[in-house]
Amino acid sequence: LDPIVSVTEYDENGNVTASFQADPAGTPADWDGNTGGGGYEKTSDATYDRLNRLILQNTYVDLNGSPETLESTYKYDKNGNLLRQRGPAYDVGGTDYYSYNFTVYDEANRVVRVYNMLANTGSNYSPSPPSAAFIEYFYDLAGNTIDVRDQLYTSGSYHHTEFTYDWLSRQIETTANYNVSGTPT
């Protein structure tokens, strides 16, 4: 018997705080929904700040009989925009690396730059370096996205997408796959 029995716990705001899966070594009598009774293994838990924003997520895995906790953290600006996500540490040749995602916003809380995932050995890496590849967004006065540039690894080259709108802010045209100089990529 391979149980597919799970229990999800929520806080008073409806946020998922923990997930459990039935212990395969248990019996159906153990899978009564009481996660404190020993019939379940915790698979993840989450912590939220006072504004109900996810700030910490742990995923519990068993790697060849060795339990591991994979921790991800999240940081926000004063407007609630997600600025940084740090993924769990992973081992490369005996050195721990962390994956980072950074997002930059303008005064109107619109995304203006998203850095491609970065790997770093620091567990508290902050501002994204200017040398990292990124996707950049440009807007018109009405707030419509008019240009998206996805930076390639070659400096100055982009996958380039432009959007055109009519006077009612309805998108009417998309031009894609051009670099900064206007030549097809």
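Along each chain, numbering runs from 1 in the same order as the chain's sequence is written. Reporting in this predicted model follows two pLDDT cut-offs: at least 70 for local features of residues, and 80 or more for side-chain atom pairs to be given and counted; totals over whole chains, interfaces and linings ignore these cut-offs and use all residues. In computing side-chain properties, one takes all heavy atoms of the structure into account and sets aside hydrogens as well as water.

Chemist: It is not clear to me how the overall build of the chain should be interpreted in this structure. Could you clarify?
Modeler: For helices the rule is a DSSP run of H or I covering at least 4 residues; for strands it is a run of E covering at least 2, with both sets numbered from the N terminus onward. For the chain, the helix and strand inventory stands at zero helices and 12 strands. Going residue by residue from the N terminus, the α and β elements of the chain occur as β-β-β-β-β-β-β-β-β-β-β-β. Residue burial is assigned from relative accessible area. The probe radius is 1.4 Å, only protein chains are included, and a residue is buried under 20% of its type maximum, exposed over 50%, and partly exposed in between. Burial status across the chain gives 29% buried among its 185 residues. Partitioning the contacts of the chain with sequence separation of at least 6, the portion at a separation of at least 24 is 19%. Computed by Shrake-Rupley with a 1.4 Å probe, the accessible areas treat only the displayed protein chains as cover when residues are assessed. Roughly 11800 Å² of accessible area belongs to the chain as shown, and the carbon and sulfur atoms make up 49% of that amount. By definition, residues are in contact when any of their heavy atoms lie within 4.5 Å.

Chemist: Help me understand unusual backbone geometry in this model?
Modeler: Trans is the common state for peptide bonds, and a negative phi is the common state for residues other than glycine. Of note in this structure, N109 is not a glycine but carries a positive phi near 65 degrees. Counting through the fold element by element, N109 comes out in the loop between strand 7 (95-105) and strand 8 (111-120).

Chemist: Looking at this structure, how should I read the pairing of strand 4 (residues 54-63)?
Modeler: Put simply, side chains in a regular strand alternate between the two faces of the sheet. Here strand 3 (residues 40-48) pairs with strand 4 via five bridges, running antiparallel. Across the sheet, S44 pairs through a bridge with T59, a residue of strand 4. Note: two strands are recorded as paired if DSSP finds a minimum of 2 bridges between them. In sequence, strand 3 turns back onto strand 4 through a hairpin of five residues, with N52 there showing a positive phi of about 65 degrees. Direction of pairing for strand 4 relative to strand 5 (residues 66-76): antiparallel, over a ladder of eight bridges. Following the sheet pairing, L56 is matched in strand 5 by T73. The loop that links strand 4 with its antiparallel partner strand 5 comprises two residues; one of these, N64, has a positive phi angle of about 55 degrees.

Chemist: When you look at the sheet that holds strand 7 in this model, what are you seeing that I'm missing?
Modeler: On the basis of which strands lie adjacent, the open sheet formed by 12 strands has the order 1-2-3-4-5-6-7-8-9-10-11-12 and antiparallel pairing. Of all strands in the sheet, those bounded by a partner on one side alone are strand 1 (6-10) and strand 12 (171-176). Taken over all neighbouring pairs, the strand axes of this sheet differ in orientation by 15 degrees on average, direction set aside. Pairing of strand 1 with strand 2 (residues 16-22) involves five bridges; the strand directions are antiparallel. By the bridge assignment, V7 is partnered in strand 2 with F20. In this analysis an axis means a line fitted to C-alpha atoms, helices contributing only their contacting stretch, and an angle means the value between N-to-C directions, from 0 to 180 degrees.

Chemist: What's the story with the side chain of D77 in this structure? I'm lost.
Modeler: Position of D77 relative to the elements: it lies in the loop between strand 5 and strand 6 (82-92). We count Lys and Arg on the positive side and Asp and Glu on the negative side, and we leave His and both chain ends out. A pair is scored as a salt bridge if a Lys or Arg side-chain nitrogen falls within 4 Å of a carboxyl oxygen belonging to Asp or Glu. The side chain of D77 is buried and forms no salt bridge, while R53, the nearest opposite charge, is found at 5.8 Å. Apart from residues lying up to four places away in sequence, D77 is in contact with R53, L83 and Y105.

Chemist: Would you mind showing me how to read the nonpolar core here?
Modeler: In globular proteins that are soluble, nonpolar side chains generally tend to be buried together. Grouping buried Ala, Val, Leu, Ile, Met, Phe, Trp, Tyr and Cys residues that are joined through side-chain atoms within 4.5 Å yields what is termed a nonpolar core. Counting seven residues, the largest nonpolar core is built from Y98, Y100, F102, Y115, L118, A132 and F134. Counting residues per element, this core draws most heavily on strand 7, which supplies three residues.

Chemist: Before we go on, may I ask you to explain the environment of A29 in this structure?
Modeler: In this fold, A29 is placed in the loop between strand 2 and strand 3. Overall, the relative accessible area of 65% leaves A29 in the exposed class. Separated by 10 residues in sequence, A29 and G39 place their C-alpha atoms 8.4 Å apart.

Chemist: How should I be thinking about the pairing of strand 3 in this particular structure?
Modeler: By the bridge criterion, five bridges tie strand 2 to strand 3 in an arrangement that is antiparallel. The residue of strand 3 that forms the bridge with A22 is Y40.

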